[in-house]
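Architecture and fold: a report
One letter stands for each residue in the lines below.
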Amino acid sequence: MKKTKRVLWLLNHTTLRECEVPLLLDYDLEVFVPKKFPQNSDNRSASVSFDYDNTLSIPKAELEVLNQFDFYTSEFTLEIREIINKHFEICICAYMFPMFDNIARYFEGKILLRAFGLTDPESSYFDFANWITLPGFNRRIANVSERFWFAAGYSHISELEPIQFKSRALYLPLGLPKFVRENANTWGGGEKRVLFVCPDINTYDENKQAYLKFKEYFGHLPHIICGAQTIPVDDPNVVGRLSTEDYKEVYRTSAVMFYHSEIPTHIYYHPIEAISYGMPVIYMQKSMLGVFAGKKEIGACDTFSEAVNKVEKVLADNVDFSTKVKECNKPFLRFFSEDFVKATWDDNFRPLLNTQVNRIQSSSKVAILPIDKSHKTNTTTLALHKVIKTFGENGILGHLSSANSPLMLAETQKSGRLFHWKDMDHEQQSVAQRLSGYSKYGTVEVYNIPSDNRSDFMDCELWFIVGSKFKKPVASIKPFIMIISDNIQFSDAQELANYERVILQDMFNRAEGVFVLNESSVMQIKQNFNLSKGKLKVINSQWIGDFGQPKRIKIDAQQIRKILGVYGCE
């Protein structure tokens with residue numbers, strides 16, 4: 001029986017979704033699209049669609065978890081990671097952070113970074129990501145290099161990238177959505193005005209400058225300015241977001257469009273739409289339209305003054321000139337045509353579906369590290385170590401060198417290491433993060449690491465940190481799970497208690513998961529701390545013996561096994 005293949009399509013751009021998701025469905029793929037995205041000006045062209053949920057054969061309860069999750073800004077919980085790695089083989093991801101970085105960290109399938117060019121031609125996708133993300137991005141990309149592709153919407157933009165992305169370039173052009181294709185060649189003109197598209201004029205300085213330059217050169221001509229405006233613009237010619245029908249009418253009736261961009265690495269949809277409608281488009285030679293042309297065509301301009309002259313020719317009913325502009329612009333549509341897009345995807349994307357990729361093998365070692373020397377912490381540490389050993393995993397038991405526990409010492413001599421918590425400053429942590437590829441933001445200057453005088457447990461894939469009596473927070477140089485073995489005890493002195501809360505909140509923020517052994521601990525943590533949804537869980541457990549000094553604790557093995565599975569340690 002053929003295995004169902006699914007795509008995690010992590011974008012919300014309306015026009016892109018309407019042309020790309022149907023293409024994926026044609027390859028017999030099931031597709032999930034996100035239902036939540038940041039409500040800001042960067043996503044003015046975004047929307048939500050439930051239309052493709054019925055393509056998915058995953059359990060409804062797990063689909064609902066995905067639908068309620070914000071992939072763009074939220075920390076990936078253990079539950080989310082389990083679901084996406086269990087059900088999806090491919091992720092096509094927008095260049096948005098921290099989402100793309102989280103996918104590089106946590107998704108185990110094929111990763112396609114969807115790229116449509118940056119508005120800064122001097123910048124590269126890789127360099128900007130390396131700058132904006134936490135330390136270690138270079139290492140994280142190296143870790144997924146055999147199953148990562150730089151999925152460029154335009155063939156030439158990958159040439160600007162360093163080897164990490166350029167060597168993984170995959171040309172996947174984008175098409176025009178159905179509603180644009182259905183209105184092809186419906187332009188008739190009639191309104192002697194210039195159409196200019198400039199959204200969010202009072203939101204982004206770049207757009208403001210484009211607007212002011214347009215007004216400077218074209219303000220004396222009849223014009224209409226479209227584009228959603230988050231902040232109103234005091235200009236009767238700025239009409240803002242239009243209804244679908246009004247939008248079509250503007251494209252059918254405006255005499256000419258001026259496309260102002262001089263960026264060769266990025267293009268907006270609207271000049272391509274206008275050309276599809278049949279409208280004359282006057283553009284700058286340095287734009288991506290100039291790249292498509294390969295030479296200076298009749299509609300191209302080197303200066304704004306030249307553009308004004310050409311726009312005025314169209315407005316003056318110079319039919320011969322307008323016709324030549326339209327004819328020279330038509331070849332641009334080839335790069336967005338259904339036939340071209342489908343053929344290119346067949347050549348470049350279809351083979352990828354059957355490409356076998358091997359996930360870089362994780363270390364099977366798991367460290368179990370007590371944070372303090374209390375009886376309950378030691379008892380829980382031993383129980384956790386015992387459970388992990390039953391799965392045949394290489395559980396490394398850490399024994400605090402100052403702890404006084406004969407049983408712990410005996411177990412440590414079999415499969416463990418003596419260690420102590422030592423300080424690591426912020427700069428040292430950054431260096432370690434760049435080397436390990438793992439990092440999370442912390443709020444303090446000095447951290448603790450488990451020093452064993454050999455590898456400091458860096459040879460382990462995952463750390464279980466047991467206990468709650470932290471003197472300093474543990475550094476984020478390896479993923480760690482917190483196991484709170486008892487109700488948290490704060491110091492009597494208010495100042496010290498406040499410091500303890502700061503440390504614990506910092507730990508909770510950076511932990512991959514926080515597990516407690518009873519519901520009372522859940523209530524206590526929720527009352528005193530803020531944790532992201534889904535991070536705090538109860539491990540089914542049972543203390544055996546006197547509660548104050550229990551002899552041992554029984555821990556639900558299957559819950560621990562599930563955690564290990566998420567990290568590839570199973």
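Data block above holds the structure.
This structure is a prediction, so every number in the text was calculated from the model and none was measured.

1. Thoughts on the packing of aromatic side chains
For the structure shown, the criterion picks out 40 aromatic pairs. Pairwise contacts between aromatic rings join Tyr 95, Phe 97, Phe 100, Tyr 125, Phe 126, Phe 128, Trp 131, Phe 137, Phe 148, Phe 150 and Phe 165 into one cluster. The ring of Phe 304 has Lys 213 lying over it, and the distance from NZ or CZ to the ring centre is 4.2 Å. Over the face of the ring belonging to Phe 490 we find Arg 501, whose NZ or CZ atom lies 4.0 Å from the ring centre.

2. Points about empty space enclosed by the protein
Considering all chains together, one arrives at one cavity of 30 Å³ or more under this definition. Looking at the largest cavity, the residues that line it are Gly 117, Leu 118, Asp 120, Ser 123, Tyr 125, Ile 157, Leu 160, Glu 161 and Thr 265. In terms of residue class, the lining of the largest cavity is built from four nonpolar, three polar and two charged.

3. Section: the pattern of salt bridges
Overall, the coordinates contain 30 salt bridges when judged by the stated rule. Across the salt bridge formed by Lys 440 and Glu 75, the nearest N and O atoms sit 2.6 Å from each other. Placement of the pair is Lys 440 in the loop between helix H19 (426–436) and strand E16 (446–451) and Glu 75 in the loop between helix H2 (60–67) and helix H3 (78–87), with a sequence separation of 365 residues. The buried category is assigned to Lys 440, whose relative accessible area is 11%. Classification of Glu 75 as partly exposed rests on a relative accessible area of 23%.

4. Some thoughts on unusual backbone geometry
In this chain, Phe 97 is followed by Pro 98 through a cis amide linkage whose omega measures 10°. Along the chain, Pro 98 turns up in the loop between strand E3 (90–93) and helix H4 (99–106). Even without a glycine there, the phi angle at Asp 317 is positive, about 65°. Relative to the assigned elements, Asp 317 resides in the loop between helix H13 (304–315) and helix H14 (319–329). Relative accessible area serves as the criterion here: at 51%, Asp 317 is assigned to the exposed category.

5. Some points on the pairing of strand E7 (residues 191–197)
Of all seven residues making up E7, five are buried, and the element is well covered by its neighbours. Two strands pair when backbone bridges link them, and E7 and strand E10 (residues 254–259) are joined in this way by three bridges, in the parallel orientation. For Leu 195, the partnering residue across the bridge sits in E10 and is Met 257. Alignment of E7 against strand E8 (residues 223–226), held across four bridges, turns out to be parallel. Within the sheet, the bridge partner assigned to Val 194 lies in E8 and is His 223.

6. Here's the deal with the sheet that holds E7
Ordered in space as E9-E8-E7-E10-E11-E12, the six strands form an open sheet in which the pairing is parallel. Two strands lie at the open edges of the sheet, namely strand E9 (238–240) and strand E12 (300–301), each paired on one side alone. Relative to E10, helix H11 (residues 269–277) is tilted by about 145°, and along the sheet it contacts E7, E10 and strand E11 (281–284).

7. Some remarks on the pairing of E10
Counting buried residues along E10, six of its six residues qualify, which places the element largely inside the surrounding structure. Pairing of E10 with E11 involves three bridges; the strand directions are parallel. Opposite Tyr 259, over in E11, you have Tyr 283 as the bridge partner. Crossover handedness for the path E10 to H11 to E11: right-handed.

8. Some remarks on the state of the cysteines
As enumerated under the stated definition, the model contains zero disulfides in all. Unpaired in terms of disulfides, Cys 19 finds its nearest cysteine sulfur in Cys 93, a separation of 17 Å. With relative accessibility at 15%, the residue Cys 19 sits in the buried group.

9. Thoughts on H2
Helical geometry: 3.6 residues make up each α-helical turn, so side chains three or four residues apart lie on a common side. Those residues of H2 that sit buried are Glu 62, Leu 63, Leu 66 and Asn 67. Looking straight down H2, one finds that the buried residues subtend no more than 145° of arc, so they occupy a single side. Lining the buried residues of H2 we find strand E2 (30–32) and H3.

10. Looking at the side chain of Gln 524
As for its placement among the helices and strands, Gln 524 is situated in helix H21 (residues 519–528). In this structure, Gln 524 is in contact with Asn 487, Ile 488 and Phe 490, ignoring residues within four places of it in sequence.

11. Some points on the nonpolar core
Ranked by size, the top nonpolar core spans 95 residues in total, and within it Trp 9, Phe 71, Leu 112 and Phe 349 carry the most contacts. The contacts of Trp 9, once residues within four sequence positions are left out, are Leu 16, Arg 17, Glu 20, Val 21, Leu 24, Val 31, Phe 32, Val 33, Pro 34 and Ile 92. Core analysis: the second largest hydrophobic core is formed by 35 residues, Ala 367, Ile 396, Met 482 and Ala 511 among them.

12. Digging into the environment of Leu 172
You can see Leu 172 is positioned in the loop between strand E6 (169–171) and helix H8 (178–181). Sequence separation between Leu 172 and Phe 349 is 177 residues; the distance between their C-alpha atoms is 7.4 Å. What Leu 172 contacts, discounting residues up to four positions off in sequence, is Leu 112, Arg 114, Ala 151, Ala 152, Gly 153, Trp 345, Asn 348 and Phe 349.

13. Digging into the environment of Leu 242
In this structure, Leu 242 sits in the loop between E9 and helix H10 (244–253). Residue Leu 242 is classed as partly exposed on the basis of its relative accessible area, which comes to 24%. Separated by 15 residues in the primary sequence, Leu 242 and Gly 227 place their C-alpha atoms 8.0 Å from one another. Those residues within four positions of Leu 242 in sequence are excluded, and the remaining contacts are Cys 226, Tyr 247 and Val 250.

14. Remarks on the sheet that holds strand E13 (residues 365–370)
Taken in spatial order, the eight strands make up an open sheet running E16-E15-E14-E13-E17-E18-E19-E20, and their pairing is mixed. The open sheet has two edge strands, E16 and strand E20 (536–538), and neither has a second partner. Going from strand to strand, the sheet's axes swing by 30° on average, the running direction of each strand aside. Relative to strand E17 (residues 462–466), E13 runs parallel, the two being bridged by five bridges. Bridging across to E17, Ile 368 finds its partner in Phe 464. Here helix H20 (residues 494–510) sits on the sheet and contacts E16, strand E18 (480–484) and strand E19 (513–516); the angle it forms with E18, its principal contact strand, is near 130°.

What counts, and at which threshold
Residues numbered from 1 in each chain as written. Predicted model: local features only at pLDDT ≥ 70, side-chain atom pairs only at ≥ 80, totals over all residues. Heavy atoms only, no water. Phe/Tyr/Trp six-rings, centres within 6.5 Å; stacked < 30°, edge-to-face > 60°. Lys NZ or Arg CZ within 6 Å of the ring centre and 35° of its normal. 1 Å grid on protein atoms, 1.4 Å probe; cavity = no way out; pocket = protein on both sides within 12 Å on 5 of 7 lines; lining within 4 Å. Points joined across faces, edges and corners; volume = space filled by probe spheres on them. Nonpolar A, V, L, I, M, F, W, Y, C, P; charged D, E, K, R; others polar. Salt bridge = Lys/Arg side-chain N within 4 Å of Asp/Glu carboxyl O. Helix = DSSP H or I, 4+ residues; strand = E, 2+ residues; numbered from the N terminus. Buried < 20%, exposed > 50% of the residue type's maximum accessible area, 1.4 Å probe, protein only. Pairing = 2+ DSSP bridges. Contact = heavy atoms within 4.5 Å. Axes fitted to C-alpha atoms, helices over the stretch in contact; angles between N-to-C directions. Right-handed = clockwise from strand over helix to strand, strands pointing away. Disulfide = S-S within 2.5 Å. Arc of directions from axis to C-beta. Core = buried A, V, L, I, M, F, W, Y, C linked by side-chain atoms within 4.5 Å.

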